[in-house]
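Fold and geometry: a report
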Amino acid sequence: MKSLINEYDEITAGCAPKRLHVITFGCQMNEYDSQKMAQMLMGRYCLTPYPEEADLIIVNTCSIREKAEHKLYSLLGRLRKFKDSKPDMKIAVAGCVAQQLGGRLIEKMPCVDLVIGPQGLYRLPELLERIETDGGVVATELDDQFKIPYIEAPLPRKGDVRGFVTIMQGCDNFCTYCIVPYVRGRETSRPSRHILKEIGFLVDQGVKDVTLLGQNVNSYGKGLVDEVDFPGLLERIDHAFPDIRLRFTTSHPKDLSDKLIDCFGRLKTLCEHLHLPVQSGSDKILKRMNRHYTRQEYLEKVDRLRKACPTITITTDLIVGFPGEEDQDFKDTLSLLETVRFDQAFAFKYSERPGTAATRFKDKVQEEVKSQRLKTLLELQNQIGFEQYRKMENKVCKVLVETFDKGKLTARTRGNHVVNLEGDADLVGRLINVYIERACHHSLVGRIVH
Ligand code: 5AD
Ligand code: SF4
């Protein structure tokens, strides 16, 4: 859970009559959506880190894995107390849980004034006006023809080195465990001119490392007329902003084309890192998950990537205990980890999401088995990841410094390794050479090479 206030510089504080507090759960796309909502309200609201003094609180929710509903209700219970002593306060709930619950949320929690789904957030100013006259408002329609509008209002930032740009929203893949297609709607891609304009805006503000965001970025362009595909978009960005570091997430293995693979190593700005969620190493489970690739196809893509770009860092997501996963299927996942040797993996126990196809699968895996498998998997991956990170030891690499805090800097390699080192604040935003002294499990320790 994060508060948005640190993202903005002091110029915005105190310049608007009303105060806004934003609480964000979940992924970078949600962070981005929270920024967009704040951006739309700039001029009318300034940000406050204190929920109790806010005129408007926005809670931006995520339902992909956690017990999201329960968490939201307990947070709203706390926020309601602030509203009791400040009756003009408005509370809006946005994001995937809002989409899922719709009007039921207001019935259960009357302190909520506005429920907005991922498509509704672009109408936030108008919806806020409506609650003044109509009371509780629900904006959770999902339109198959939805297009992401361009927000003209500037977004003041506090000199961040990294910036994020959503290039597409929604998902058409319907993996059987996943709630995203139901709560984020059909895939919709933004026109490349909007994306380029937004990157230009970030670059003007000093951003040097740009990540393109979407549920399935490599199917970018579907449904757009006279537009580029995803490799074409990367090429345009590379050409227009030759001095940035460019990244993207998340990619679906089935849409990882040879054309995209060739971008690694060919486009100067594109960093040598790919997050490529595999989910399972068993063909039987991949089929049940509706992933549309086999273990062999995945391994072949990894080989091709490493041929095109030998230094590429590959990370992944995995689910253990999907319905029907037997010991042999789990062993197949472990052996896939040993074959690929991911630099990092995010592993999750399967959890049932309402309305998804997998809820109808009968052969559920017991909770204790899931926990044991997760433990086994993490032990193996920690060892592999550490060995991968140790390969960086005693090397000199170029890193971009991102933050400074009490004499300590954090920086990032092009391969997405976080490097901790000592140095001065004026190095933030600069590319420097560091000698990697040692590897930790998910980071490196280095020193500046003069
Ligand atoms: N249970 C467990 N993990 C899930 N993920 C998505 N849905 C579920 C679920 N129902 C994981 C996938 C995905 C990541 C973002 O979250 O691994 O890649
Ligand atoms: Fe969910 Fe699958 Fe779409 Fe990813 S590709 S958002 S896992 S449905």
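Just above, that's the structure.
Summarised in this report is the structure supplied together with it.

**Things to note about the site of ligand 2**
Taken together, Cys171, Asn173, Phe174, Cys175, Tyr177, Cys178, Val180, Pro181, Gln215, His252 and Arg291 are the residues near ligand 2. Across the shell around ligand 2, the residue classes break down as 7 nonpolar, 3 polar and 1 charged.

**Things to note about the state of the cysteines**
In the structure shown here, the tally under the stated rule is 0 disulfides. The cysteine Cys397 is free of any disulfide, with Cys271 supplying the nearest cysteine sulfur at 13 Å. The exposure class assigned to Cys397 is buried, which follows from its relative accessible area of 13%.

**Observations concerning the pattern of salt bridges**
Counted according to the given criterion, the structure contains 33 salt bridges. Measuring nitrogen to oxygen at the nearest pair gives 2.6 Å for the salt bridge that ties Lys83 to Asp113. Here Asp113 lies in the loop between helix H4 (103-108) and strand S6 (114-116) and Lys83 lies in helix H2 (residues 68-85), a separation of 30 residues in the sequence. Relative accessible area serves as the criterion here: at 12%, Asp113 is assigned to the buried category. Here Asp329 ties to Lys284 by a salt bridge, and the two come within 2.8 Å at their closest N and O atoms. Placement of Asp329 in helix H12 (residues 327-340) and of Lys284 in helix H10 (residues 283-288) is noted, with a sequence separation of 45 residues between them. The class for Asp329 is buried, based on a relative accessible area of 7%. Accessibility expressed as a relative area gives 35% for Lys284, which makes it partly exposed.

**What about the pairing of strand S18 (residues 418-422)?**
Of the two faces of S18, the one lined by Val419 and Leu421 is fully buried and the one lined by Val418, Asn420 and Glu422 carries no buried residue. Sheet analysis places strand S17 (residues 408-412) next to S18, joined by 5 bridges and oriented antiparallel. Note on S18: the bridge partner recorded for Ala411 is Val419. Of the strand pairs in this sheet, S18 and strand S20 (residues 444-448) are connected by 2 bridges, and their pairing is parallel. By the bridge assignment, Val419 is partnered in S20 with Leu444.

**Focus: the site of ligand 1**
The environment of ligand 1 is formed by Ile64, Arg65, Tyr177, Gln279, Asp317, Ile319, Phe348, Lys349, Tyr350, Ser351 and Arg353. At 2.7 Å, a side-chain N or O of Asp317 approaches an oxygen atom of ligand 1. At 2.7 Å from a nitrogen atom of ligand 1 is found a main-chain nitrogen or oxygen belonging to Ser351. Surface burial for ligand 1 is 89%, taken as the share of its 410 Å² of free accessible area covered by protein chains. Elements that contribute at least two residues to the shell around ligand 1 include exactly strand S14 (313-320) and strand S15 (344-349). Grouping the amino acids of the shell around ligand 1 by side-chain chemistry returns 5 nonpolar, 2 polar and 4 charged.

**Focus: a negative patch on the surface**
Among the surface-exposed residues, Asp283, Glu297, Glu300 and Asp303 lie close enough to one another that they form a single negatively charged patch. Ranked by residues supplied to the negative patch, first place goes to helix H11 (residues 295-308) with 3 residues. For Glu300, a relative accessible area of 36% gives the class partly exposed.

**A look at the sheet that holds strand S12 (residues 245-249)**
The 3 strands lie next to each other as S8-S11-S12, forming an open sheet whose pairing is parallel. The sheet is open, and its two edges are formed by strand S8 (162-166) and S12, each paired on a single side. Going from strand to strand, the sheet's axes swing by 25 degrees on average, the running direction of each strand aside. In the sheet, strand S11 (residues 209-213) pairs with S12 via 5 bridges, with the strands oriented parallel. Each bridged residue has a counterpart across the sheet, and for Leu212 the counterpart in S12 is Phe248. Strands in contact with helix H1 (residues 28-41) are S8, S11 and S12; relative to S8, the strand with the most contacts, it is inclined by about 90 degrees. Contacts between helix H7 (residues 192-204) and the sheet are confined to S8 and S11, with S8 contributing the most and set at about 165 degrees to the helix.

**A short note on empty space enclosed by the protein**
Gaps left between atoms are located by rolling a probe of water-molecule size over the structure's atoms. Per the stated rule, a full pass over the model turns up 2 cavities of 30 Å³ or more. When its volume is computed, the second largest cavity comes out at roughly 40 Å³. Lining the second largest cavity are Tyr32, Lys36, Tyr122, Ile148, Pro149, Ile151, Thr166, Arg190 and Glu198. In terms of residue class, the lining of the second largest cavity is built from 5 nonpolar, 1 polar and 3 charged.

**So, the layout of surface pockets**
When its volume is computed, the second largest pocket comes out at roughly 460 Å³. Together, 20 residues line the second largest pocket, and Thr311, Ile312, Thr313, Met392 and His417 are the ones closest to its centre. Sorting the residues of the lining of the second largest pocket by element identifies H12 and strand S16 (396-405) as the ones contributing at least two each. Residues of the lining of the second largest pocket, tallied by class, amount to 6 nonpolar, 7 polar and 7 charged.

**Focus: the pairing of S14**
A large share of S14 lies buried, amounting to 8 of its 8 residues. Side chains Thr313, Thr315, Asp317 and Ile319 of S14 all project onto a buried face; the interleaved residues Ile314, Thr316, Leu318 and Val320 project onto the opposite face, where all are buried too. Assessed by its sense of winding, the connection that carries the chain from S14 through H12 to S15 is right-handed.

**Comments concerning the environment of Glu338**
One can find Glu338 in helix H12. We classify Glu338 as partly exposed; its relative accessible area is 48%. Residues contacting Glu338, with those up to four places away along its chain left out, are Leu380 and Ile384.

**Quick notes on the side chain of Gln344**
Counting through the fold element by element, Gln344 comes out in strand S15. If we ignore the near neighbours within four places in the chain, the residues touching Gln344 are Ile314, Thr315, Thr316, Gln381, Tyr389 and His442.

What counts and how
Residues numbered from 1 in each chain as written. Chains lettered and ligands numbered in written order. Predicted model: local features only at pLDDT ≥ 70, side-chain atom pairs only at ≥ 80, totals over all residues. Heavy atoms only, no water. Near = heavy atom within 4 Å. Nonpolar A, V, L, I, M, F, W, Y, C, P; charged D, E, K, R; others polar. Disulfide = S-S within 2.5 Å. Buried < 20%, exposed > 50% of the residue type's maximum accessible area, 1.4 Å probe, protein only. Salt bridge = Lys/Arg side-chain N within 4 Å of Asp/Glu carboxyl O. Helix = DSSP H or I, 4+ residues; strand = E, 2+ residues; numbered from the N terminus. Pairing = 2+ DSSP bridges. Polar contact = N/O pair within 3.5 Å; in protein donor to acceptor, adjacent residues only side chain to side chain. Areas by Shrake-Rupley, 256 points an atom, 1.4 Å probe, with all protein chains shown as cover. Patch = residues over 30% accessible without salt bridge, like charges linked within 9 Å, V, L, I, M, F, W, Y side chains within 5 Å. Lys, Arg positive; Asp, Glu negative; His and termini not counted. Charge placed at Lys NZ, Arg CZ, Asp CG, Glu CD. Axes fitted to C-alpha atoms, helices over the stretch in contact; angles between N-to-C directions. Contact = heavy atoms within 4.5 Å. 1 Å grid on protein atoms, 1.4 Å probe; cavity = no way out; pocket = protein on both sides within 12 Å on 5 of 7 lines; lining within 4 Å. Points joined across faces, edges and corners; volume = space filled by probe spheres on them. Right-handed = clockwise from strand over helix to strand, strands pointing away.

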